[in-house]
Structure formats: C-alpha cells, structure tokens
Amino acid sequence: MNKPPLTLYLAAPRGFCAGVDRAIKIVEMAIEKWGAPVYVRHEIVHNKFVVDSLRDLGAVFVEELDECPDDRPVIFSAHGVPKAVPAAAAKREMIYVDATCPLVSKVHIEAQRHADNGLQMIMIGHAGHPETVGTMGQLPDGEVLLVETVEDVATVQVRDPEQLAFVTQTTLSVDDTIDIVAALNARFPKIVGPHKEDICYATTNRQESVKAIAPKCDAILVVGAPNSSNSKRLVEVGARAGCAYSQLVQRATDIDWRALDGIKTMGITAGASAPEVLINEVIDAFRDKYDVTVELVETAKENVEFKVPRVLREPA
Ligand code: 2E7
Ligand code: F3S
C-alpha cells in the first residue's frame, strides 16, 4: 500500500536539558555508590518513563522526606526544595544529595540576597508547582508573594512599594512573563529584578524552536508529561504561533490518529524532561503510517553541562 507523504519538522533544541541530564546522573551514581534503595523526594524530573527506569535500578520515589528512613540516602528532585527539607534531613543525620538544577539554585540565592537587603519578594510562577514551592520556601512562610497573571499584579498587597524585588519560575512562557514583568514595573517602578526574568536557556530555546516550526505545521505534538510545566508551555506556544492542532503526548500510544487525518506537515518537539527514545518512538509511529521526510529546524545550539555534586565524584 502506498503511504501518504508527510513532512515532519523536527524542532531543535528539544528534549533533555543540562539540569535534567545532571539530575538523572545523580540518581544513577547514587545507586552505584550506596547501592539500592536510594530514596528520591518527588519525581526526579516530570517523566514517567525516566522515573520507571530509575525505579528499576533501585530508586524509591516518595513525595515527602517523612516517608524516607534515616539510614538510606535521599535525593532532592531537579525542581528544588524549600530550605526546611535539607534542614530536616541534616537534623536526622541522613545522607542527602541535592539534584536541584543549578539554574534554580541561582534563583534561590537571589531571593535570599534580596530578602537580606530588606526587600519583600514577589515570585512569578504557578501555584503548587514544586519549583515555585521550593523557591518560595527559601524564605519564611508568607514572606514571598506569588503572582501568576497580569491580573494578580493589580491586586497584590505589598508592605512597601519602594522595597520590592521579584524572581520567576524557570519554565514559564517567555511571552506571558514579559507582560507580567511589564505590569510589575508599571505598578512598582522601584522593583528590583533580574535583567529580564529567570527563565532558563533551555525553556527559552525550546519555545523559540517551536515558534519557528508552528506556522508551517498542520499539527504539532510535544512529547512530555501532563505534570511537566515546560512541556505544557510548548503546547501553548505552538498553538499561539499559528498551529491549529497542538497536543501533548507522553508516547506513541497517546497519538490521536483520527484527529491527524489529512495532515501534510507535522511538527515534533519535546519538553526538557522527555527522553530521546520516546521522541524516536513517536517519529517511528509516523513512519509506519506515512512516507516521512524529516526536516530538522534548529534555532539554537546548546552546549551547557553541569557537574554532579562532589560527593558522587569521590570514591565510596
Ligand atoms: C527542573 C526544573 O521535570 P520537568 O518537566 O519540570 P517542569 O518544571 O517543567 O514541570 O522538566 C525539567 C525541569 C525543568 N525545570 C526540571 Cl526547575
Ligand atoms: Fe534547569 Fe532549565 Fe532544565 S531550570 S532543569 S535547565 S529546564
């Protein structure tokens, strides 16, 4: 049977970022060093395939430190943790390794520095997301005010409009955040912040590349998990940049083939926590049904790498 032709625009950069690479390595190396089980507080990155693979190696995933025994190592996920978490682990004399992305740790340090300078903090982020919980948890409860939208900026109640600073989640929509920062600057002209926001290089680059492919795609699939903030932002960016059908899939079995009926061009990208094997699985599923021509659309080159913590580089 003749397969219909399909041009598949493959966005680059896509998939794993340096923080995810490092976090996964930390779990693997901790299991090598200390043996199984090694506990991991929260999904190390938001991807079921990654979590299941590490579980097979001997990782035990929990949501809270209370669920870990004192005498096994525990790793904190790439999204970061409130200060109370390592403090509690230290108090229990546990071995712990912090897999927080260094770009998130940098935001934590900034938040503390502003607070030390007497400024009240505002965080731009998504309520309840572990990164937001972790960054807000760098300061005492109630000290960091959360804004999620431009509307929130209009109503947020601050102590002193002259003594304010802001930080952001690293995986936000670049375009939405520009508007929120503009609203903050308009209402609080003295507010101190980063040069633009704290969105990381990987988030920025993945959103740029999906923007580049969106106008020429009948449909876009973003490989990523439903709890992955950066992956969900890619779906939105694809839709806003002009693609009529932009959807999240965890893997090939999630593809809604009926919705794709009649397409001639297809875009594929992946969130920062989605492994390349799943991206290839999705591409192969298209090859089964279509005569696929892959066109790589590369809008940036990435060469960022983060070292694993010293304790894992030393012999046991
Ligand atoms: C850590 C940070 O695990 P993810 O899907 O996380 P998000 O934050 O997008 O839900 O992606 C990797 C990652 C991104 N940001 C890990 Cl702070
Ligand atoms: Fe870090 Fe950005 Fe990845 S904050 S974990 S490099 S998506």
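Residues numbered from 1 in each chain as written. Chains lettered and ligands numbered in written order. Predicted model: local features only at pLDDT ≥ 70, side-chain atom pairs only at ≥ 80, totals over all residues. Heavy atoms only, no water.

Let us now look at the sheet that holds strand β7 (residues 144-147). Across the sheet, which stays open at both edges, the 3 strands sit in the order β7-β6-β8 with parallel pairing between neighbours. For this open sheet the edge positions go to β7 and β8 (164-168), each flanked by a neighbour on one side alone. Across the sheet, the mean angle from the axis of one strand to that of its neighbour is 30°, orientation sign disregarded. Sheet contacts for helix α4 (residues 102-116): β6 (120-124) and β8; angle to β8, the most-contacted strand, approximately 170°. Contacts from helix α7 (residues 174-187) reach β6, β7 and β8, with the element oriented near 155° to β6. (Pairing = 2+ DSSP bridges. Helix = DSSP H or I, 4+ residues; strand = E, 2+ residues; numbered from the N terminus. Axes fitted to C-alpha atoms, helices over the stretch in contact; angles between N-to-C directions. Contact = heavy atoms within 4.5 Å.)

This part covers the site of ligand 2. Around ligand 2, the neighbouring residues are Cys-17, Gly-19, Val-20, Cys-101, Leu-103, Thr-170, Cys-200, Tyr-201 and Ala-272. Classifying every residue of the shell around ligand 2 gives 7 nonpolar, 2 polar and no charged. (Near = heavy atom within 4 Å. Nonpolar A, V, L, I, M, F, W, Y, C, P; charged D, E, K, R; others polar.)

Moving on to the site of ligand 1. Surrounding ligand 1, one finds 15 residues, the nearest of these being His-46, Ser-228, Ser-229, Asn-230 and Ser-273. Taking His-46, its main chain carries an N or O atom lying 2.6 Å from an oxygen atom of ligand 1. Asn-230 is positioned with one of its side-chain polar atoms (N or O) 2.7 Å from an oxygen atom of ligand 1. Compared with its free state, where it exposes 400 Å², ligand 1 has 96% of that area covered by protein. (Polar contact = N/O pair within 3.5 Å; in protein donor to acceptor, adjacent residues only side chain to side chain. Areas by Shrake-Rupley, 256 points an atom, 1.4 Å probe, with all protein chains shown as cover.)

Turning our attention to the environment of Ser-53. Take Ser-53: it is sitting in helix α2 (residues 48-57). The partly exposed category is assigned to Ser-53, whose relative accessible area is 31%. Ser-53 sits 98 residues away from Glu-151 along the chain, and the two C-alpha atoms are 41 Å apart. (Buried < 20%, exposed > 50% of the residue type's maximum accessible area, 1.4 Å probe, protein only.)

Tallied over the entire structure, the rule returns 3 aromatic pairs. In textbook terms, an aromatic cluster arises when at least three aromatic residues are bridged by ring pairs, as seen for Trp-257, Phe-286 and Tyr-290. Its end group placed over the ring of Trp-257, Lys-289 keeps NZ or CZ at 4.9 Å from the ring centre. (Phe/Tyr/Trp six-rings, centres within 6.5 Å; stacked < 30°, edge-to-face > 60°. Lys NZ or Arg CZ within 6 Å of the ring centre and 35° of its normal.)

Turning next to the packing of helix α1 (residues 18-34) against α2. Running from N to C, α1 and α2 cross one another at 10°; their axes reach a closest spacing of 10 Å. Looking at the two axes, α1 sits roughly parallel to α2. Here Ile-24, Val-27, Glu-28 and Ile-31 of α1 come into contact with α2, specifically with Val-50, Leu-54 and Leu-57. Grouping the amino acids of the contact of α1 with α2 by side-chain chemistry returns 6 nonpolar, no polar and 1 charged. (Parallel < 35°, antiparallel > 145°, perpendicular 65-115°, else oblique.)

With that out of the way, let us pick up the pairing of β8. In terms of burial, β8 is a largely internal element, 5 of the 5 residues being buried. Side chains Leu-164, Phe-166 and Thr-168 project from β8 onto one buried face, and the interleaved Ala-165 and Val-167 project onto a second face that is buried too. In terms of strand pairing, β6 meets β8 through 5 bridges, oriented parallel. Pairing of Ile-122 across the sheet is with Phe-166, part of β8.

When the terminal C-alpha atoms of α4 are compared, their 21 Å separation across 15 residues agrees well with the 21 Å that a helix rising 1.5 Å per residue should span. Considered for burial, the residues of α4 that qualify are Val-104, Val-107, His-108, Ala-111 and His-114. In a view along the axis of α4, the buried residues occupy a sector of 130°, so they form one face of it. Turned more than 90 degrees off the buried face of α4, the exposed positions are Lys-106, Ile-109 and Asp-116. Of the surrounding secondary structure, the elements contacted by the buried residues of α4 are β6, α5 (130-136) and β8. Positive backbone phi, at 85°, marks Gly-118, one or two positions downstream of α4. (Expected span 1.5 Å × (residues − 1). Arc of directions from axis to C-beta.)

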